[in-house]
Amino acid sequence: MKSRKSRGLPSKMPDNTAFKQQQLPAWRPHLTPRTVLSGFFTTGAFFLGMGILLILSAKSIKEIEITYTDICSNCSKLRENASNFYKECNCSIHFIIPEKMPGNVYMYYKLHNFYQNYHQYIMSRNNRQLLGEDITNVENCAPFQRTSNGIPIVPCGAIANSMFNDTILLSYYPNSSTRINVPLLSSDITWWTDKHVKFQNPKSSNLSSAFAGTAKPPYWRKPIYQLDQENPENNGFLNSDFIVWMRAAALPTFKKLYRRIHRIQQFADGLPAGNYSFDIAYNFPVTVFKGEKGIVLSTVTWSGGKNFFLGIAYTVTGAMTWLAAFSMMAVHLKLKKKQESLQH
Amino acid sequence: MFCGEKKLLETERRVKANDREFNEKFQYAFRHKSDNQVNNRLSEVLINGRLQSEKWMNVKAGDIIKLENNQFVAADLLLLSSSEPHGLCYIETAELDGETNLKVRHALPVTSELGADISSLAKFDGIVACEPPNNKLDKFTGDLSWKDNKYPLNNEKIILRGCVLRNTSWCFGMVIFAGPDTKLMQNSGKTTFKRTSIDRLMNTLVLWIFGFLVCMGVILAIGNSIWKHQVGDYFRAFLFQDEVGKNPIFSGFLTFWSYIIILNTVVPISLYVSVEVIRLGHSHFINWDRKMYYAKKETLAEARTTTLNEELGQIEYIFSDKTGTLTQNIMTFNKCSINGRTYGEVYDDLGRKTEINEKTKPVDFSFNPQADSKFQFYDHSLIESIKLGDPKVYEFFRLLALCHTVMPEENNEGKLIYQVQSPDEGALVTAARNFGFIFKSRTPETITVEEMGKIVTYQLLAFLDFNNIRKRMSVIVRNPEGQIKLYCKGADTILFEKLHSSNEELMTVTSDHLSEFGGEGLRTLAIAYRNLNEEYFKEWFKLLEEANRVFDKRDERVAAAYEEIERDMMLLGATAIEDKLQDGVIETITNLSLANIKIWVLTGDKQETAMNIGYSCNMLTDDMNEVFILSGHTAAEVWEELKKAKEILFGRSTGFTNGYAFCEKLQELKLGSTIEETVTGDYALIINGHSLGYALEANLQNEFLEIACICKTVICCRVTPLQKAQVVELVKKHRKAVTLAIGDGANDISMIKSAHIGVGISGQEGMQAVLASDYSFAQFRYLQRLLLVHGRWSYFRMCKFLCYFFYKNFAFTLVHFWFGFFCGFSAQTVYDQWFITLFNIVYTSLPVLAMGIFDQDVNEQNSMDYPNLYGPGQLNLLFNKRKFFICIAHGVYTSFALFFIPYGAFYNVAGEDGKHIADYQSFAVTIATSLVIVVSVQIALDTSYWTVINHVFIWGSIAVYFSILFTMHSDGIFDIFPNQFPFVGNARHSLSQKNIWLVILLTTVVSVMPVITFRFLKVVLYPTLSDQVRQLQKAQDKARPLRGHKRQPRRTSSRRSGYAFAHQEGYGELITSGKNMRVKNLHPTSGLGKTMYNSTSWIENLCKKTTDTVNSFSLDRTVKL
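Residues numbered from 1 in each chain as written. Chains lettered and ligands numbered in written order. Predicted model: local features only at pLDDT ≥ 70, side-chain atom pairs only at ≥ 80, totals over all residues. Heavy atoms only, no water.

## Re the state of the cysteines
Spelled out, the test is: In what follows, a disulfide is any cysteine sulfur pair within 2.5 Å. Counting from the N terminus, the helices are DSSP H or I runs at least four residues long and the strands are E runs at least two residues long. Between buried and exposed lies partly exposed: a residue is buried under 20% and exposed over 50% of the maximum accessible area for its type, with that area taken using a 1.4 Å probe on protein chains only.
On inspection of all chains with the given rule, the structure shows three disulfides over all chains. Between the sulfur atoms of Cys141(A) and its disulfide partner Cys156(A) the distance amounts to 1.9 Å. Separated by 15 residues along the polypeptide, Cys141(A) in the loop between helix H5 (127-130) and helix H6 (158-161) and Cys156(A) in the loop between H5 and H6 bring together distant segments of the chain. Both residues of the pair, Cys141(A) and Cys156(A), belong to the buried class. With its disulfide-bonded cysteines labelled consecutively along the sequence, chain A is connected as 1-4, 2-3, 5-6. Counting only cysteine sulfurs, Cys171(B) is the nearest neighbor of Cys89(B), a cysteine outside any disulfide, at a range of 4.7 Å. Cys89(B) sits in the buried class, given a relative accessible area of 0%. Not part of a disulfide, Cys823(B) finds its nearest cysteine sulfur in Cys215(B), a span of 20 Å.

## Things to note about the interface of chain A and chain B
Spelled out, the test is: Only heavy atoms matter for contacts: two residues are in contact if any of them lie within 4.5 Å across the pair. The quantity reported as buried area is the accessible area (1.4 Å probe) lost by two parts once they are put together, taken as the sum for both. The salt bridge definition used is simple: a Lys or Arg side-chain nitrogen within 4 Å of an Asp or Glu carboxyl oxygen. Under the rule applied, a polar contact is a pair of N or O atoms within 3.5 Å (in protein, one hydrogen donor and one hydrogen acceptor; residues adjacent in sequence only if both atoms are side-chain atoms). Each residue gets one label: Ala, Val, Leu, Ile, Met, Phe, Trp, Tyr, Cys and Pro are nonpolar, Asp, Glu, Lys and Arg are charged, and the others, such as Gly, are polar.
Of the residues lining the interface, 103 residues belong to chain A; the matching set on chain B comes to 103 residues. Note on chain A versus chain B: buried area summed over both sides is about 9,000 Å², and carbon and sulfur give 63% of it. If you sort the residues of chain A by the area they bury against chain B, Gln22(A), Arg28(A) and Trp191(A) come out on top, with a joint share of 10%. Remark: the boundary between chain A and chain B carries two salt bridges. Note that Lys915(B) is salt-bridged to Asp188(A), the shortest N-O span being 3.2 Å. Linking chain A with chain B are 36 residue pairs in polar contact (both at pLDDT 80 or more). Partitioning the side of chain A that touches chain B into residue classes produces 57 nonpolar, 30 polar and 16 charged.

## Looking at unusual backbone geometry
Across residues other than glycine, the phi torsion is negative in most instances, and most of the peptide bonds are trans. All names here are of chain A. Here the residue pair Val-154 and Pro-155 is connected by a cis peptide bond, since its omega of -10° sits within 30 degrees of zero. Within the element layout of this structure, Pro-155 appears in the loop between H5 and H6. If you check the backbone angles, Gln-22 has positive phi at about 60° while not being a glycine. Along the chain, Gln-22 falls in the loop between helix H1 (2-6) and helix H2 (33-60). On the accessibility criterion, Gln-22 (8% relative accessible area) is buried.

## Some points on the UniProt feature "active site" (unreviewed entry) in chain B
All names here are of chain B. The condition that has to hold: UniProt positions are given in the numbering used here, feature names are shortened, and annotations may be inferred rather than shown by experiment.
The positions that UniProt labels "active site" (unreviewed entry) are, in the present scheme, Asp-321. Residue position: Asp-321 is located in the loop between strand S15 (315-320) and strand S16 (327-338). Taking relative accessible area as the criterion, Asp-321 reaches 1% and is therefore assigned buried. Setting aside chain neighbours within four positions, we find Asp-321 in contact with Leu-326, Leu-602, Thr-603, Lys-724, Ile-742, Gly-743, Asp-744, Asn-747, Asp-748 and Met-751. Side chain to side chain, Asp-321 and Thr-325 meet in a polar contact 3.3 Å long.

Structure representation (structure tokens):
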């Protein structure tokens, strides 16, 4: 070392830094009985509490679910045959709401055994087209890109093509002779970003001219610009039903928000108990793929819709955590005693 | 191929000097880059009649090269001429065989006449015909044809590559074998590509994972076919207009490949890269370690290979060289016993024996201007005895100054230096010099000594040379007073039988002292003298001359004559020389043994020397039940010895001696049972090179290995480099153990190459071993740190890393598998494509890398203090197939929780604002976020050493995940690439739902809680040593007590002879014939004369005169002889 220094060379000795010498100051966590047990008891308590809370709130939700595949079996049958495509079929279902559904009530349609998460299906869309910038862009939309004449389909793709197109009306019977249509809102049933960012109509004064030169999807009865002719805000790509449908579900059984109950007049506090009926224009065929469809009326709480899974899972996990904590404590105390007796 | 054919054809080599065309067929190309350092060394080569500096790689067979003192020999040479008289030259062969004494080589008289005359050397055109290249270091046969004469050549005329020229200012030699043909290179074995056992395991596991992947693909493909058949066909109306994919089997086939692609993340491609990065980091930590830096030689520890680090934590066998590795190659006069009194111990004020350390004050030799400043002695009582003029002490040192083969010389500064052929003698003569008995000069007939300032010239009457049978040497001198004395030094076992009966009492005392010295591993020599009267000597001398004259059985008769006079001697005492171990060798060996690492010493040196080192390193102790020595010269003898050893081993431990039980035992052993545990007691095995040759043969090797592995210590002496490699290979092959070889010299290259890990001692002149090694450092003691700290950490970290990595990839990928059952087996991924791309590279790579590089379970101090911590690595406990399956199971469990908890929570659910949240994108984001959090919590649990870097990486990874998530789900990026980033607004929406967070929290707890429970119970119920030390460490950190852990190596006295003497026969003759004395040295103005000239004493003039006259006489005699 000296010789190098005397020759004016830096010493070859490695730097004495904590990093190079592996001496970095460090926290060495250790699974001590105290931390583990206290952690487990706290977690367990939290989970148990949360679980019970979740179960209670799920229980407080009022929900009515009506599967109408079988109830409207004649319509179902009709739809099994593609040649009846343009034939209308209506179906009316009477039901009772036994208890008042307070607060916001939401109406969902529910599909069972419908694989919106099927790979080829979920990929079959074009976001650029839906942005309204380039509506003839039908890339990725196979197999629903163009009609046999080569006209681009708008909106293209399998998702759009298979859009749920039943219309459901809800009527309330305060008494046997009176029938009141429950006011339903189709606004604000989509995500804000979907409505304002992801979906845009082509910039044009007239929607139908904007979509000129395009074809409607083969399974659709009317073109995209006629989805809601009364409300231009809800027409074209901006149609809420369309947007909701386009947000593909994760699992083959799913429900999608269809309408919100407009809280006015006697529905200001929710849906009162009593007789109701759904009037359904049955368009969407489900029996062909052994699927089912239904309507759900539901209230929500702080944790969302009615789902006991989370509550139960939380309770069970909390219980397991406590069980683990107790058994660990038992083992720990036993060993401690043993050690003490050994020391004596 | 061509090269190989040529080699096969070469049955005899014919090399012509100075004729490159003639020798063209021996040219070769250097291929190995690693040899560059050596290949680029310079050597002076005679080309076209001029000396030119050439790189070693350009030295070719037939070239004549000039070597200078202390230079390394570049190729195997035929010695032509040298600076010394009679064409002698001295070489040190420590690099080749580990022996420390110098060897003499002499040139043929015809060639030695060439001298340093360049022109005649250039004209030299002799042809050497000799054996083809081979690996026998001690044999050479061939002949030189020159000027119509044939001269036989033997090993005495050959200087091998790897030797160092000593005590010879220059010499010329003709290259016979160069480059890879040299005997050294032929001995160095093949370079093999080294891989660690973890590497091999990893490759197997990756193959298994591939198999697993295919299985999953098949399951999902079958699922797809069934689904298609039962559900999909009906559903197809919504999907397809065309008929492609109608056939369920074809669809299944496509699905199989889609899933292979999707699930391929389970085969961690980034694993290999990460492993290399971690290893590189560990290598740098080795390079940067100040505690493995040797300041004296400015040598860093160096990891020359970066791919073997974790194997350092799994070593079971260490094969160590002795010379230069365990020892410093320095002999020091350490202790002595004179007339029944020991000198050399140091006592403190209270009269207790103390260890000599840096604070101990050495004896001040300033009174003696000619003292060697390097010599240190700590016992002041000896110098007092000298000052008091104790005649026995005087006689003792006189003997040391007279009875030896040292040649005095003078260096450029006019200082007296000794040319020694054996370092032991150097130590003894230097000791005498410092204590005032300065050996000044010698001629064939006289020895001049300065005794306490007085020059005395003794007449050398006879020199009774040393050999390995006699184990002693004597001189007979006449002092100026005319008395004739015989001075003898040699092995105590031999000498004690030759003593006069009056010595009984002194003998017992001295032998006690010798035992004590021997127990400390010191090399002892007993010392005795005998007064002879004139007549008796004359009579005996006649006898000797007669014996010398006859040709029949001359050696025996000479020996008998020696025997006759070396009797009735008076014991003077004994010397103890320390073959200085490197610093910290004993502690290192003790610690490594405590870590259950077996250390075998493989040395080319003699058995005695090797055993002495064994004792001084505490590898051999007197508590040992038995030390087996195998030295048979035939296969049968070796077999017999092995059998005997076995009987002792198994007979004692089990009580079964009948053949049946014995066979059973053998079988058990072959089945791999741990018989070692049934054998109690410590045993050691010492085996000689020639016996080892037989023991390594196929029929004996199993028995040999079996016994050797039971023994605590194994020492192989007199082994050739190739045998070293064979021993390593044997253990490697049959024990399936991880081996490490450490050495410094060229003779260790073969074993360094063949062991799993080769370590070279660097900082010395020869670079050969270092170049072949995987790790290098300057001192043997660093091995302890390399293995117990770096190796252990590397292994620990690597195992943790692998476990986590496999876990992580399974947790990540298998979610797709579960999802397959709910998406019609359509190969739909659960996550966003971007997440899949970034997960392994960005979100989770750094925390695990930080753990793999920085993690420490216990700190370095405790790693060294508790060598048992090393055990898990040897037993392969931290990562093996079982651990792998546990990790996989953990991963599968986590993926299960990751998928099914969100599944349950998303099934038929609505958001808190009533909007649906069970869409695919929210599902993907929820699972991805849970996954990132779960694996981050898991790495946080796994990390036991949280440095700043770990904090930054772990928290940073989570932060980076969220920021990338929000960026990719932002409006801006969607506007630019709407098809590439379809998740717009998703993060914002999903992550503002309480529901989603509850899912994430639940997933995390469910995934992690069982792991914590399991770990806690494991620590409480079955704590490993590491856990205990960690706990202790925690207490230590709180209390911070002063550690007094340093173990005192225990030494006990032994009942064996500590005799060892590195000496070669033949020097006596060289001295008495004057062959090795230079004529010019005897000239009054140079060499020895100068020292005498400076003195004023009258006796010196006389001395000079006698030197001159005697020398001229001696020269005559030489000619006559």
